[in-house]
Amino acid sequence: MRNHEDFIPELALVAELDGKVIGNIMYTRARLVDQEGAEKQILTFGPVAEKQILTFGPVSVLPEYQRQGYGKALIQQSFQGAVALGYDTVVIFGTPANYVGRGSVSCKRHNVRAKDGRFPT
(Lines give C-alpha, C1' and ligand atoms only; values in the text may rest on other atoms or scores of the structure.)
Protein backbone atom coordinates (compact mmCIF):
# COMPACT_ATOMS: atom_id res chain seq x y z
CA MET A 1 0.00 0.00 0.00
CA ARG A 2 2.85 2.38 0.79
CA ASN A 3 4.08 2.13 -2.80
CA HIS A 4 0.69 2.95 -4.36
CA GLU A 5 0.35 6.35 -6.03
CA ASP A 6 -2.73 7.19 -3.93
CA PHE A 7 -1.07 6.44 -0.57
CA ILE A 8 -0.86 9.50 1.70
CA PRO A 9 2.21 9.12 3.92
CA GLU A 10 1.31 12.14 6.08
CA LEU A 11 -1.75 10.21 7.28
CA ALA A 12 0.02 6.93 8.06
CA LEU A 13 0.03 6.91 11.84
CA VAL A 14 0.98 4.41 14.52
CA ALA A 15 -0.12 4.11 18.13
CA GLU A 16 2.69 3.32 20.56
CA LEU A 17 2.50 2.22 24.17
CA ASP A 18 5.71 1.95 26.18
CA GLY A 19 7.75 1.94 22.96
CA LYS A 20 5.70 -0.85 21.38
CA VAL A 21 3.63 -0.28 18.23
CA ILE A 22 0.11 -1.42 19.10
CA GLY A 23 -1.88 -0.03 16.18
CA ASN A 24 -1.86 1.85 12.90
CA ILE A 25 -3.99 3.58 10.29
CA MET A 26 -3.26 4.39 6.64
CA TYR A 27 -5.08 6.45 4.01
CA THR A 28 -5.36 6.59 0.25
CA ARG A 29 -7.10 8.97 -2.09
CA ALA A 30 -10.44 7.65 -3.36
CA ARG A 31 -13.02 8.57 -5.98
CA LEU A 32 -16.77 8.68 -6.14
CA VAL A 33 -18.10 8.18 -9.66
CA ASP A 34 -21.75 8.50 -10.66
CA GLN A 35 -23.72 6.11 -12.90
CA GLU A 36 -22.69 8.03 -16.00
CA GLY A 37 -19.01 7.81 -15.08
CA ALA A 38 -18.58 11.42 -13.98
CA GLU A 39 -16.44 11.97 -10.91
CA LYS A 40 -18.26 13.44 -7.92
CA GLN A 41 -17.39 17.07 -7.34
CA ILE A 42 -16.17 17.52 -3.79
CA LEU A 43 -15.36 20.95 -2.42
CA THR A 44 -11.99 21.06 -0.72
CA PHE A 45 -10.04 23.72 1.06
CA GLY A 46 -6.46 24.35 2.14
CA PRO A 47 -3.45 23.16 0.17
CA VAL A 48 -5.33 20.48 -1.80
CA ALA A 49 -5.69 21.97 -5.27
CA GLU A 50 -8.14 19.46 -6.70
CA LYS A 51 -11.23 17.65 -5.50
CA GLN A 52 -10.20 14.59 -3.55
CA ILE A 53 -11.78 12.10 -1.25
CA LEU A 54 -10.02 9.86 1.23
CA THR A 55 -10.53 6.36 2.46
CA PHE A 56 -8.71 4.68 5.30
CA GLY A 57 -7.83 1.14 6.03
CA PRO A 58 -6.57 -0.69 7.59
CA VAL A 59 -7.06 0.75 11.02
CA SER A 60 -5.68 -1.93 13.26
CA VAL A 61 -5.01 -2.43 16.94
CA LEU A 62 -3.42 -5.50 18.49
CA PRO A 63 -6.16 -7.70 20.00
CA GLU A 64 -5.06 -7.19 23.59
CA TYR A 65 -5.43 -3.41 23.20
CA GLN A 66 -8.75 -3.31 21.34
CA ARG A 67 -11.83 -1.62 22.84
CA GLN A 68 -9.60 0.70 24.87
CA GLY A 69 -9.80 3.81 22.66
CA TYR A 70 -6.62 3.39 20.65
CA GLY A 71 -8.41 2.89 17.33
CA LYS A 72 -10.65 5.87 18.06
CA ALA A 73 -7.59 7.98 18.86
CA LEU A 74 -5.93 6.96 15.57
CA ILE A 75 -9.06 7.88 13.63
CA GLN A 76 -9.52 11.23 15.40
CA GLN A 77 -5.86 12.20 15.06
CA SER A 78 -5.81 11.23 11.39
CA PHE A 79 -9.02 13.18 10.72
CA GLN A 80 -7.34 16.26 12.21
CA GLY A 81 -4.36 15.65 9.93
CA ALA A 82 -6.65 15.23 6.93
CA VAL A 83 -8.36 18.55 7.64
CA ALA A 84 -4.97 20.23 8.04
CA LEU A 85 -4.02 18.87 4.60
CA GLY A 86 -7.25 20.27 3.13
CA TYR A 87 -9.39 17.15 2.86
CA ASP A 88 -13.01 17.22 3.97
CA THR A 89 -14.51 13.88 2.88
CA VAL A 90 -13.71 10.34 4.01
CA VAL A 91 -15.60 7.34 2.62
CA ILE A 92 -15.06 4.00 4.32
CA PHE A 93 -16.38 0.45 4.36
CA GLY A 94 -16.73 -0.90 7.85
CA THR A 95 -18.88 -2.15 10.66
CA PRO A 96 -21.42 0.63 11.39
CA ALA A 97 -21.13 0.21 15.16
CA ASN A 98 -17.46 1.21 14.92
CA TYR A 99 -18.11 4.48 13.10
CA VAL A 100 -21.69 5.78 13.30
CA GLY A 101 -21.37 6.59 17.00
CA ARG A 102 -18.34 8.71 16.15
CA GLY A 103 -20.17 10.95 13.69
CA SER A 104 -20.08 8.95 10.45
CA VAL A 105 -23.26 8.58 8.43
CA SER A 106 -24.49 5.74 6.27
CA CYS A 107 -23.70 5.86 2.57
CA LYS A 108 -27.39 5.27 1.91
CA ARG A 109 -28.14 8.69 3.41
CA HIS A 110 -26.11 10.25 0.58
CA ASN A 111 -27.04 7.69 -2.09
CA VAL A 112 -23.45 6.40 -2.28
CA ARG A 113 -23.32 2.82 -3.58
CA ALA A 114 -20.64 0.32 -4.38
CA LYS A 115 -19.95 -0.42 -8.03
CA ASP A 116 -22.26 -3.45 -7.82
CA GLY A 117 -25.17 -1.25 -6.71
CA ARG A 118 -25.15 -2.24 -3.03
CA PHE A 119 -25.02 0.32 -0.26
CA PRO A 120 -21.95 -0.19 1.90
CA THR A 121 -22.78 -0.44 5.59
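Data block above holds the structure.
Colleague: Explain the environment of A15 to me, please; I cannot follow it from the model alone.
Modeller: Positionally, A15 belongs in strand β1 (residues 13-17). Through-space distance from the C-alpha of A15 to that of I25 is 8.8 Å; in sequence the pair is 10 residues apart. Apart from residues no more than four positions distant in its own chain, A15 is found in contact with K20, V21, I22, G23 and L74.

Colleague: Is there a simple way to explain unusual backbone geometry in this structure?
Modeller: The bulk of non-glycine residues show a negative phi, and the bulk of peptide bonds are trans. Residue P58 is reached from G57 by a cis peptide bond, and omega for that bond is 5°. Inspection of the secondary structure puts P58 in strand β3 (residues 53-61). Positive phi outside glycine occurs at D18, with the angle close to 55°. Mapped onto the secondary structure, D18 falls in the loop between β1 and β2 (20-30).

Colleague: Looking at this structure, I do not really get the sheet that holds β1. What am I missing?
Modeller: The strands making up a sheet associate through hydrogen bonds between their backbones, and the pairing can be parallel or antiparallel. Ordered in space as β1-β2-β3, the three strands form an open sheet in which the pairing is antiparallel. The outermost strands of the open sheet, each flanked by one partner alone, are β1 and β3. Sheet twist, expressed as the mean angle between neighbouring strand axes with direction ignored, is 15°. Two elements, β2 and β3, share seven bridges in a ladder whose sense is antiparallel. Note that in β3 the partner of R29 across the bridge is L54.

Rules used in this analysis
Numbering of residues begins from 1 in every chain and follows the order in which that chain's sequence is written. For a predicted model such as this one, the threshold for reporting local features is a pLDDT of at least 70, and the threshold for listing and counting side-chain atom pairs is 80 or more; totals across whole chains, interfaces and linings nevertheless cover every residue. Excluded from the side-chain calculation are hydrogens and water; included are all heavy atoms of the structure. Helix numbers and strand numbers start at the N terminus; a helix is a DSSP run of H or I with at least 4 residues, a strand a run of E with at least 2. Two residues qualify as a contact provided that any one of their heavy atoms is within 4.5 Å of a heavy atom in the partner residue. Whether two strands pair depends on DSSP finding at least two bridges between them. To define axes, lines are fitted to C-alpha atoms, for helices over the stretch in contact only, and angles between the resulting N-to-C directions are given on a 0 to 180 degree scale.

Nothing here speaks to function; it is geometry throughout.
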